[in-house]
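So the chains spell out like this:
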2 protein chains.
Amino acid sequence: MTESPEPLDPSVERLARLKGDRCKARIAADRLKSLTDQIDEGEIAAEAEVFRAICDPFRLSILKLLRDGELCVCEIMTALDRPQSSTSHHLSILKRAGLVKERKEGKWSRYRLADGAVIEIMKLAEILRGG
Amino acid sequence: MTESPEPLDPSVERLARLKGDRCKARIAADRLKSLTDQIDEGEIAAEAEVFRAICDPFRLSILKLLRDGELCVCEIMTALDRPQSSTSHHLSILKRAGLVKERKEGKWSRYRLADGAVIEIMKLAEILRGG
DNA sequence: CTTATATATCGAGATGGTTTGATACGACCG
DNA sequence: CGGTCGTATCAAACCATCTCGATATATAAG
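Residues numbered from 1 in each chain as written. Chains lettered and ligands numbered in written order. Predicted model: local features only at pLDDT ≥ 70, side-chain atom pairs only at ≥ 80, totals over all residues. Heavy atoms only, no water.

Counting from both sides, the interface comprises 50 residues of chain A and, opposite them, 51 residues of chain B. Here chain A meets chain B over a buried area of about 4800 Å², counting both sides, of which 74% is carbon and sulfur. The tally of links between chain A and chain B comes to four salt bridges. Across the pair Arg129(B) and Glu47(A) runs a salt bridge, and its minimum N-O distance is 4.0 Å. Tallying contributions element by element places helix H7 (residues 116–128) of chain A first for the side of chain A that touches chain B, with 10 residues. Residues of the side of chain A that touches chain B, tallied by class, amount to 30 nonpolar, five polar and 15 charged. (Contact = heavy atoms within 4.5 Å. Buried area = accessible area lost by both parts, 1.4 Å probe. Salt bridge = Lys/Arg side-chain N within 4 Å of Asp/Glu carboxyl O. Helix = DSSP H or I, 4+ residues; strand = E, 2+ residues; numbered from the N terminus. Nonpolar A, V, L, I, M, F, W, Y, C, P; charged D, E, K, R; others polar.)

Structural data, given as structure tokens:
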């Protein structure tokens, strides 16, 4: 036996072939394990929901409109030329994701950005888009 | 005729009822128009693609792994315990969106974050998620 | 040249999201 | 009250995306 006879789990076996050395493989496996341990599945899901809310072109347009201040559903649907039901539905998605806040005033529902971070996150997308 | 007899387009008519005054309606319509004019459909689509790339939990996990440095496909699929074809597919989506870069080395493809802005955008999502 | 390994691509099934008109709910006004 | 207006919700058609096994490509090794 030139190398450790101890049984290794399949993923370490893979890395052993990759590294050509069981010892290095274990170190690599431990490193990967410590990285995955840092990742909480619940956090990932919650953060992904934020991105999922912004990833629709219509919803992103709504957020850009709201940079200049509060608007009601009626104004948003007029500005973006979309059906009322669609506008209301997408606003509810943005609200559930915590990106906008609602303020009821008589029969109107007025929406505004929930946090300055929403503006920041849009700026970063502009940078990443290659502009 | 107590008010302007000029024909107004339907969206201004809507706002006229909303504001109860054709003059105010026109001002509001002009404001909305100037807001929508600032929005370029191509930019919106490009930026939405960035968010669409990050909105999948698996892809977000990949990006979090890559914060600590370059990894090959084999290491990522091992760390996250996913099929190879799926891992490769999602990496191609991240690459197309400009979030990661690829470096070929022999038979390996090593991936890394394309820009520090990717880390920043993930930090903002952590803030927004309510944490 | 044959084999093995790492990665990419393909295809079918399953799943989830978007769109739209229709409908329901609530607030205001006569 | 009854009607109108703003908004929310519903349901169904349509479309995009995720998954995962199978296959293809490419590089290295024997």
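Attention shifts here to helix H6 (residues 84–96) of chain A. Because each turn of an α-helix spans 3.6 residues, side chains separated by three or four positions end up pointing in the same direction. All names here are of chain A. Between its first and last C-alpha atoms H6 spans 18 Å; for 13 residues at 1.5 Å apiece the expected length is 18 Å, and the two agree. Restricting attention to buried positions, one finds in H6 the residues Ser86, Thr87, His90, Leu91, Ile93 and Leu94. For H6, the angular spread of buried residues about the axis comes to 155 degrees, placing them on one side. H6 presents Ser85 and Arg96 as exposed residues on the side facing more than 90 degrees away from its buried surface. For H6, the elements touching its buried residues are helix H3 (41–54), helix H4 (57–66), helix H5 (73–80), strand E2 (100–105) and strand E3 (108–113). One or two residues past the end of H6 sits Gly98, with phi positive at roughly 80 degrees. (Expected span 1.5 Å × (residues − 1). Buried < 20%, exposed > 50% of the residue type's maximum accessible area, 1.4 Å probe, protein only. Arc of directions from axis to C-beta.)

Residues in contact with DNA strand D amount to 24 residues; listed here are only the nearest, Cys74(A), Ser88(A), Tyr111(A), Arg59(B) and His90(B). Separating a phosphate oxygen of DNA strand D from a side-chain N or O atom of Arg59(B) is a distance of 2.7 Å. One of the side-chain N or O atoms of His90(B) is found 2.6 Å from a phosphate oxygen in DNA strand D. Counting residues per element, the ones that place at least two in the surface near DNA strand D are H5, H6 and E3 of chain A together with helix H1 (10–19) and helix H6 (84–96) of chain B. The leading source of residues in the surface near DNA strand D is H6(B), at five residues. For the surface near DNA strand D, the residue count by class is eight nonpolar, nine polar and seven charged. (Near = heavy atom within 4 Å. Polar contact = N/O pair within 3.5 Å; in protein donor to acceptor, adjacent residues only side chain to side chain.)

A few words on the pattern of salt bridges. All names here are of chain B. The full count for this structure, using the stated rule, is 20 salt bridges over all chains. A salt bridge links Glu126 to Lys64; the nearest nitrogen and oxygen atoms lie 3.2 Å apart. Of the two residues, Glu126 sits in helix H7 (residues 116–128) while Lys64 sits in helix H4 (residues 57–66), which places them 62 residues apart along the sequence.

What follows deals with the sheet that holds E3(A). Residue and element names in this part refer to chain A. Spatially, E1-E3-E2 is the arrangement adopted by the three strands of the open sheet, whose pairing is antiparallel. The open sheet is flanked by strand E1 (71–72) and E2, the only strands paired with a single partner. H4 contacts E1, E2 and E3 of the sheet and is inclined by roughly 85 degrees relative to E3. (Pairing = 2+ DSSP bridges. Axes fitted to C-alpha atoms, helices over the stretch in contact; angles between N-to-C directions.)

Our next topic: the side chain of Ser61(A). Take Ser61(A): it is sitting in helix H4. The class of Ser61(A) is buried, set by a relative accessible area of 9%. In this structure Ser61(A) touches Leu80(A), Ile39(B) and Ile44(B), once residues within four positions along its chain are discounted.

The next subject is the protein's contact with DNA strand C. Lining the immediate environment of DNA strand C, one finds 25 residues, of which Arg59(A), His90(A), Cys74(B), Ser88(B) and Tyr111(B) sit closest. When atoms of DNA strand C within 4 Å of the protein are split into backbone and base, the sugar-phosphate part holds 64%. Between DNA strand C and the protein, one listed contact pairs a sugar or linking oxygen with a side-chain N or O atom of Ser109(B) at 3.2 Å. When contributions to the surface near DNA strand C are tallied by element, the ones reaching two or more residues are helix H1 (10–19) and H6 of chain A together with helix H5 (73–80), H6 and strand E3 (108–113) of chain B. Tallied by class, the residues present in the surface near DNA strand C amount to eight nonpolar, nine polar and eight charged.

Another aspect to go through is the packing of H4(B) against H6(B). All names here are of chain B. At a minimum axis separation of 10 Å, H4 and H6 run at an interaxial angle of 75 degrees. Relative to H6, H4 is oriented roughly perpendicular. Counting all contacts with H4, which are made through Phe58, Arg59, Ile62 and Leu63, the residues of H6 involved are Ser86, Thr87, His90, Leu91, Ile93 and Leu94. Among the residues forming the contact of H4 with H6, the class breakdown is six nonpolar, three polar and one charged. (Parallel < 35°, antiparallel > 145°, perpendicular 65-115°, else oblique.)

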